[in-house]
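# Structural overview for review
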Amino acid sequence: MTLLDMRFGLRIALAFGGAIATTLALVGTMQLRLTQSAANADAMSESVQWQAKAAEVHLDAKENAIASLVTLVSASPDQQAKLAKEIKARDEKIAAGLGALDKALAGSSSDQALIAEARKRHATFVAGVQRIVGMVQAGKQSEATFAADEEMLPMMAPFLGALDKLDRAQLAKVEAIRAANADLVTRTRWATLVTGILAVLAAIVVGYW
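A short tour of the structure in this document, coming up. Please read these numbers as outputs of a predicted model, since none were measured by experiment. (Residues numbered from 1 in each chain as written. Predicted model: local features only at pLDDT ≥ 70, side-chain atom pairs only at ≥ 80, totals over all residues. Heavy atoms only, no water.)

### Topic: the overall build of the protein
What the protein contains, in helices and strands, is four helices and zero strands. When the helices and strands of the protein are listed from N to C terminus, the series reads α-α-α-α. Computed over its C-alpha atoms, the radius of gyration of the protein comes to 31 Å, more than 25% above the 17 Å expected for a compact globule of 209 residues. Expressed along its principal axes, the backbone C-alpha trace of the protein runs to roughly 105 × 30 × 20 Å. Within the span of the protein, comprising 209 residues, buried residues form 30% of the whole. (Helix = DSSP H or I, 4+ residues; strand = E, 2+ residues; numbered from the N terminus. Rg over C-alpha atoms; globule rule 2.2 N^0.38 Å. Buried < 20%, exposed > 50% of the residue type's maximum accessible area, 1.4 Å probe, protein only.)

### A few points about the packing of helix α2 (residues 77–104) against helix α3 (residues 109–137)
Here α2 crosses α3 at 170°, and the two axes come no closer than 11 Å. When the axis of α2 is compared with that of α3, the two are roughly antiparallel. In the packing of α2 onto α3, the handedness of the crossing is left-handed. Residues Q80, A81, A84, I87, D91, I94, A95, L98, G99, L101 and D102 of α2 form the contact with α3, whose participating residues are Q112, I115, A118, R119, H122, V126, V129, V133, V136 and Q137. Taken together, the residues that form the contact of α2 with α3 break down as 13 nonpolar, five polar and three charged. (Axes fitted to C-alpha atoms, helices over the stretch in contact; angles between N-to-C directions. Parallel < 35°, antiparallel > 145°, perpendicular 65-115°, else oblique. Left-handed = near helix turned anticlockwise from the far one by under 90°. Contact = heavy atoms within 4.5 Å. Nonpolar A, V, L, I, M, F, W, Y, C, P; charged D, E, K, R; others polar.)

### Notes on the nonpolar core
In this structure, F125 and M152 are the most contacted members of the largest nonpolar core, which totals 33 residues. Taken together, the elements giving at least two residues each to this core come down to α1 (8–73), α2, α3 and α4 (141–208). Among the elements that take part in this core, α4 stands out by supplying eleven residues, more than any other. Apart from residues lying up to four places away in sequence, F125 is in contact with A65, S68, M152, M155, M156 and F159. (Core = buried A, V, L, I, M, F, W, Y, C linked by side-chain atoms within 4.5 Å.)

### Regarding the environment of E46
In this structure, E46 sits in helix α1. For E46 and G139, which are 93 residues apart along the polypeptide, the C-alpha to C-alpha distance reads 48 Å.

### Description of the pattern of salt bridges
Summed over all chains, the structure comprises nine salt bridges. Residue R90 is joined to E63 by a salt bridge in which the shortest nitrogen-to-oxygen separation is 3.8 Å. Here E63 lies in helix α1 and R90 lies in helix α2, a separation of 27 residues in the sequence. According to the relative accessible area criterion, R90 is buried, its value standing at 16%. One salt-bridge network, in which partners are shared between bridges, spans K53, E56, D60 and K93. (Salt bridge = Lys/Arg side-chain N within 4 Å of Asp/Glu carboxyl O.)

### Section: the side chain of S68
You can see S68 is positioned in helix α1. Assessed through its relative accessible area of 2%, S68 is described here as buried. Sequence-distant contacts of S68, that is, excluding residues within four places in its chain, are made with I87, F125, V129, M152 and M156.

### Side note on α3
If you check α3, its first and last C-alpha atoms are 42 Å apart, about what 29 residues at 1.5 Å a residue would give, namely 42 Å. Positioned one or two residues after α3, G139 has a phi angle of 85°, which is positive. (Expected span 1.5 Å × (residues − 1).)

Listed below in structure tokens is the structure:
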């Protein structure tokens with residue numbers, strides 16, 4: 001028995017079954033892709049948050065580096081004391097920021113390594129700056145300048161470099177999620193188009209049948 005030999009009622013049932021199957025496939029595909037897109041949006045929002053925190057820590061470290069250099073050339077004890085207070089406050093903020101990043105990015109071994117390096121460099125840099133600022137406040141300007149050239153400046157570049165790596169790593173995550181979501185949207189568009197064309201062809205075939 002050929003398809004055309006089937007009873008009319010059976011043909012109608014098969015036609016509606018095919019239409020329903022095509023519709024369900026389209027709806028299922030859209031629901032799956034929308035769920036994936038929502039998950040990507042959540043992941044991107046979280047990554048943007050931690051990239052912003054990494055950038056903030058990096059900026060605070062740069063400001064501390066500048067403040068420590070300004071302290072060396074300052075002749076005012078009041079300004080030296082003010083700068084030392086600001087440096088200490090930012091150091092505490094940097095330590096807190098790195099701690100928050102360490103906790104939030106605990107699932108990434110590469111991020112953990114970058115944070116550990118930044119913390120190590122930070123501790124070394126803080127100790128050096130505190131010692132040199134102490135020299136400045138004690139009136140030992142020439143000794144402080146010599147120590148800055150020999151110790152602080154060589155410590156500054158690795159510290160800022162470690163934070164730059166951490167900042168760039170978080171930015172790369174954001175970009176990767178954005179690219180993945182863009183690819184998902186493209187694939188969803190093509191899947192919808194193909195399914196729609198198939199539905200139209202099915203409708204034409206069923207109508208002819």
